[in-house]
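Single-letter residue listing:
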Amino acid sequence: MIQNNINPLKEAIELLEFQNFMGADEVVSDTPNIHLWKDSHRISFEKKAAPVKEISNKQTNFSHQGFAAPAIKVDIKANTVEELKAEARAFDGCPLKFTAMNFVFSDGNPLSRIMLVGEAPGEEEDRQGLPFVGAAGQLLNKMLAGIGIKREDVYISNIIFWRPPGNRTPMEDEVSACLPFVEKHIELVNPKLLILLGNTSAKALLRTNTGITRLRGKWTEYKGIPCMPFFHPSYILRQPNTKRLAWADLIQIKKHLEKSEKWTASLHTSHSA
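Cut-offs and rules
Residues numbered from 1 in each chain as written. Predicted model: local features only at pLDDT ≥ 70, side-chain atom pairs only at ≥ 80, totals over all residues. Heavy atoms only, no water. Helix = DSSP H or I, 4+ residues; strand = E, 2+ residues; numbered from the N terminus. Areas by Shrake-Rupley, 256 points an atom, 1.4 Å probe, with all protein chains shown as cover. Pairing = 2+ DSSP bridges. Axes fitted to C-alpha atoms, helices over the stretch in contact; angles between N-to-C directions. Phe/Tyr/Trp six-rings, centres within 6.5 Å; stacked < 30°, edge-to-face > 60°. Buried < 20%, exposed > 50% of the residue type's maximum accessible area, 1.4 Å probe, protein only. pLDDT = per-residue confidence, 0-100. Contact = heavy atoms within 4.5 Å. Core = buried A, V, L, I, M, F, W, Y, C linked by side-chain atoms within 4.5 Å. Parallel < 35°, antiparallel > 145°, perpendicular 65-115°, else oblique. Disulfide = S-S within 2.5 Å.

Q: How would you explain the overall build of the protein chain if you had to name every residue and give the values?
A: Helix and strand content of the protein chain: eleven helices and eight strands. Roughly 16,100 Å² of accessible area belongs to the protein chain as shown, and the carbon and sulfur atoms make up 53% of that amount.

So, in structure tokens, the structure goes:
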């Protein structure tokens, strides 16, 4: 008689560790789907699984690249933000679409003259389908309030519309896939001030290999739009010592808005829309 030496508890723990490594960090169904069993016989994962494809240098973490990812060519027909949202939702060219729970496009008022572009949805954003609603979003709200701006006074989006597994940094090919939609998004909103939150956003839109720690606090332009690279709120949460620098950048933004003749009109448009 053949004895079964498999330890069920150990096996279960190993499977959970594997799922966590792959970015599966929440239950999305009341009924488990056991994919490692077939015809009442257990399939050996090590023997039956497809070989892991080696990741080339062009697919390494975007934040570790020495250059910004170019946008791929996508035939975008949208003439309005709502049309663009529908096209982006239907787009199948970003693999993250098939691992995320929700499509996360934007929040706030698209008529606002201030647009913020972050990196990618996190766990809470993926759950709610809205950008910056987790801990980083709460900090962002407080920072904006610190210079007299309400969340509804601005328009918020991300470089990536789907959550990367485990909240990892988006890869270059994922950024390249979504970038045409982001650029069209900015074009349609036509903000008078663009705030780029974090490394991924700044590198992708400014086409630079310079990191956010050197870019932040320095005014630049994106296609003629005044632009301020800014620390991502999640980075500030991880590095509290950056709060002083972030506050200095917020003061710069406030002074820029106060000098702008269109700032008052911007707030009026935002509230009346």
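Q: Could you give an account of the environment of K203, with specific residues and numbers?
A: Mapping K203 onto the fold places it in helix α7 (residues 199–206). For K203 and L215, which are twelve residues apart along the polypeptide, the C-alpha to C-alpha distance reads 9.4 Å.

Q: How would you summarise the sheet that holds strand β6 (residues 193–197) if you had to cite specific residues and measurements?
A: With mixed pairing, six strands are arranged side by side in an open sheet as β3-β5-β4-β6-β8-β7. Taken across any chain shown, the strands that pair with only one partner, and hence form the sheet edges, are β3 (106–108) and β7 (220–222). Strand-to-strand twist in this sheet, taken as the mean axis angle between neighbours without regard to direction, amounts to 30 degrees. In terms of strand pairing, strand β4 (residues 114–118) meets strand β5 (residues 155–158) through four bridges, oriented parallel. Along β5, the bridge assignment pairs M115 with Y155.

Q: Just give me the short version of the packing of aromatic side chains, but keep the residues and values in it.
A: For the coordinates displayed, the defined rule picks out seven aromatic pairs. For the ring pair F161 and W162, a centre distance of 6.0 Å and an interplane angle of 75 degrees mean the geometry is edge-to-face. Accessibility assignment for this pair places F161 and W162 in one class, buried. Of the aromatic side chains, those joined through ring pairs into one cluster are F103, F105, F161 and W162.

Q: Just give me the short version of the confidence of the model for the protein chain, but keep the residues and values in it.
A: Per-residue confidence for the protein chain gives a mean pLDDT of 81, with 71% of residues at or over 70. Residue range residues 34–67 is modelled with pLDDT below 50. Its contacts to residues more than four positions away, or to other chains, number 45 contacts.

Q: An account of the nonpolar core is requested, with residue identities and associated values reported.
A: The biggest cluster of nonpolar side chains holds 60 residues, and the ones touching the most others in it are V117, I159, F161, I186, L194, L205 and F230. Looking at this core element by element, the count peaks at eight residues for helix α6 (residues 172–189). Beyond its immediate sequence surroundings of up to four residues, F161 is in contact with A88, N102, F103, V104, F105, P121, C178, F181 and V182.

Q: Tell me what's going on with the packing of α6 against α7, and back it up with residues and numbers.
A: Relative to each other, α6 and α7 sit at 75 degrees, their axes nearing to 11 Å. Taken together, the axes of α6 and α7 are roughly perpendicular relative to one another. Facing α6, whose interface residues are V175, L179, V182, E183 and I186, α7 presents T200, A204 and L205.

Q: An account of the pairing of β4 is needed here, citing residue identities and associated values.
A: Taken across its five residues, β4 has five buried, putting it largely inside the fold. Burial along β4 is two-sided: I114, L116 and G118 facing one way and M115 and V117 facing the other are all buried.

Q: I'd love a proper account of the state of the cysteines, names of residues and values included.
A: Here a disulfide denotes one covalent bond, and it connects the sulfur atoms of two cysteines. A full pass over the atoms with the stated rule returns zero disulfides. As a non-bridged cysteine, C94 has C178 as the owner of its nearest cysteine sulfur, 4.0 Å distant. A residue is classified by how much of its surface remains accessible, and C94, at 0% relative accessible area, is buried. The class for C178 is buried, based on a relative accessible area of 1%.

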